[in-house]
Amino acid sequence: VPVAAPVTNAGAAFAARRAAMVSLINTHADAVLCVSDRVRQIAAHHGLTPEKLHTSYIGTTEATKWQTTQPKPRILRPDGTLRLAYLGYMRRDKGFFFLLDALEALPDTLAASLRLTVAARRGEAAVVARLQALAPRLAELRLIDGYTHAGLDDLLADVDLGLVPVMWEDNLPQVAIEMHARHIPLMTSDRGGAQELGRCPELTFRAGDIADFARALETVLSERVTPASYWQNAMPPVTMDAHLTQLMSLYEEAS
């Protein structure tokens, strides 16, 4: 006879641990460095002392690409199509399954204007089959089984718009910085820090919202967002030197 599992409150232990961590940090830390404004907002929401929180965007060697690239004069191609790029992993938390759902739901007229590059390690056969089934409805589908940093320039050379559809509060995805540093506009969900790079509300959609994803995409295809309007509020990527200078300043304040 099956025995019913005892009823436990698994969340209570986690809540107690989080409260203890918040208390310890507030008591013993002089400063808390947050890799995006969104991380800082969440930390304050959970009880960390706001005055101790500092946004400290990570430094990266990818920032050098900012000096050697320029925004394209148009986001769309002369034939009216648009090359999108999704980089990273075929994972649910990264928004890949949502992206499949959203692309499958697009009207044929929108889908036919898209050239999609997916550079991610191949997932299960059924997942790859869903992606490949989109090919007849798209202007082009390019599937690349993973990538290396050494090959990023070639991979991204013809990309018009980067996709970062994360479903969780992803601190600041490295792939977003890699595309942003090469002056590739980003269309992101409203979770995590990727949206802070371009600071373009028109290209930020509600995480998991297929209709809002289509709205943001149509904004690009109708050229209601232009390179000039997109880049006017964008933040330059942070160099390693600038990041280290900020760190040293914060250490000096706390010493």
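Look up: the structure comes first, before these words.
Below is a short write-up of the structure. (Residues numbered from 1 in each chain as written. Predicted model: local features only at pLDDT ≥ 70, side-chain atom pairs only at ≥ 80, totals over all residues. Heavy atoms only, no water.)

With that settled, the discussion passes to the overall build of the chain. Each helix and strand in the chain was counted, giving 12 helices and eight strands. Relative to all contacts within the chain whose residues are 6 or more apart in sequence, the contacts with residues 24 or more apart total 69%. Taken as a whole, the chain presents about 13100 Å² of accessible surface, with 57% of it coming from carbon and sulfur. For the chain, the separation between the mean place of its 25 positive charges and that of its 29 negative charges on side chains is 3 Å. (Helix = DSSP H or I, 4+ residues; strand = E, 2+ residues; numbered from the N terminus. Contact = heavy atoms within 4.5 Å. Areas by Shrake-Rupley, 256 points an atom, 1.4 Å probe, with all protein chains shown as cover. Lys, Arg positive; Asp, Glu negative; His and termini not counted. Charge placed at Lys NZ, Arg CZ, Asp CG, Glu CD.)

Further remarks concern the pattern of salt bridges. All chains considered together, the criterion is met by 25 salt bridges. Here Glu223 and Arg74 are joined by a salt bridge, their closest N and O atoms 3.0 Å apart. Here the residue Glu223 occupies a position in the loop between α10 (210–221) and α11 (227–231), and Arg74 occupies one in the loop between α3 (65–68) and β3 (82–88), the gap between them amounting to 149 residues. Judged by its relative accessible area of 34%, Glu223 is partly exposed. Owing to a relative accessible area of 36%, Arg74 belongs among the partly exposed residues under this scheme. The residue Arg83 makes a salt bridge to Glu140 at a minimum N-O spacing of 2.5 Å. Separated by 57 residues along the polypeptide, Arg83 in strand β3 and Glu140 in strand β5 (residues 140–144) bring together distant segments of the chain. The exposure class assigned to Arg83 is buried, which follows from its relative accessible area of 1%. Here the residues in one salt-bridge network are Lys72, Arg77, Asp79, Arg83, Arg115, Glu140, Arg142, Asp158 and Asp160, joined through shared partners. (Salt bridge = Lys/Arg side-chain N within 4 Å of Asp/Glu carboxyl O. Buried < 20%, exposed > 50% of the residue type's maximum accessible area, 1.4 Å probe, protein only.)

Take a nonpolar patch on the surface next. A cluster of nonpolar side chains, contributed by Met21, Leu24 and Ile25, occupies part of the molecular surface with about 240 Å² of accessible area. Looking at the element boundaries, Met21 is found in helix α1 (residues 10–28). (Patch = residues over 30% accessible without salt bridge, like charges linked within 9 Å, V, L, I, M, F, W, Y side chains within 5 Å.)

Another point: unusual backbone geometry. Non-glycine residue His183 carries a positive phi angle of around 60 degrees. Assignment of secondary structure puts His183 in the loop between α8 (174–180) and β7 (186–189). Positive phi outside glycine occurs at Glu223, with the angle close to 60 degrees.

Moving on, we get to the sheet that holds strand β4 (residues 114–120). An order of β5-β4-β3-β6-β7-β8 is seen for the six strands of this open sheet, with the pairing classed as parallel. The two strands at the open ends of the sheet, each matched to only one other strand, are β5 and β8 (204–205). Bridge count between β7 and β8: two bridges; the pairing is parallel. Following the sheet pairing, Ser189 is matched in β8 by Phe205. Contacts between helix α4 (residues 96–105) and the sheet are confined to β3, β4, β6 (161–164) and β8, with β4 contributing the most and set at about 160 degrees to the helix. (Pairing = 2+ DSSP bridges. Axes fitted to C-alpha atoms, helices over the stretch in contact; angles between N-to-C directions.)

Within the structure shown, the criterion is met by seven aromatic pairs. Ring plane angle 70 degrees and centroid distance 5.7 Å describe the contact between Trp66 and Trp231, whose orientation is recorded as edge-to-face. Of this pair, Trp66 sits in helix α3 while Trp231 sits in helix α11; the two residues are 165 residues apart in sequence, bridging distant segments of the chain. Relative accessible area serves as the criterion here: at 13%, Trp231 is assigned to the buried category. Ring geometry for Tyr86 versus Phe96: centroids 5.3 Å apart, planes at 50 degrees, classification tilted. (Phe/Tyr/Trp six-rings, centres within 6.5 Å; stacked < 30°, edge-to-face > 60°.)

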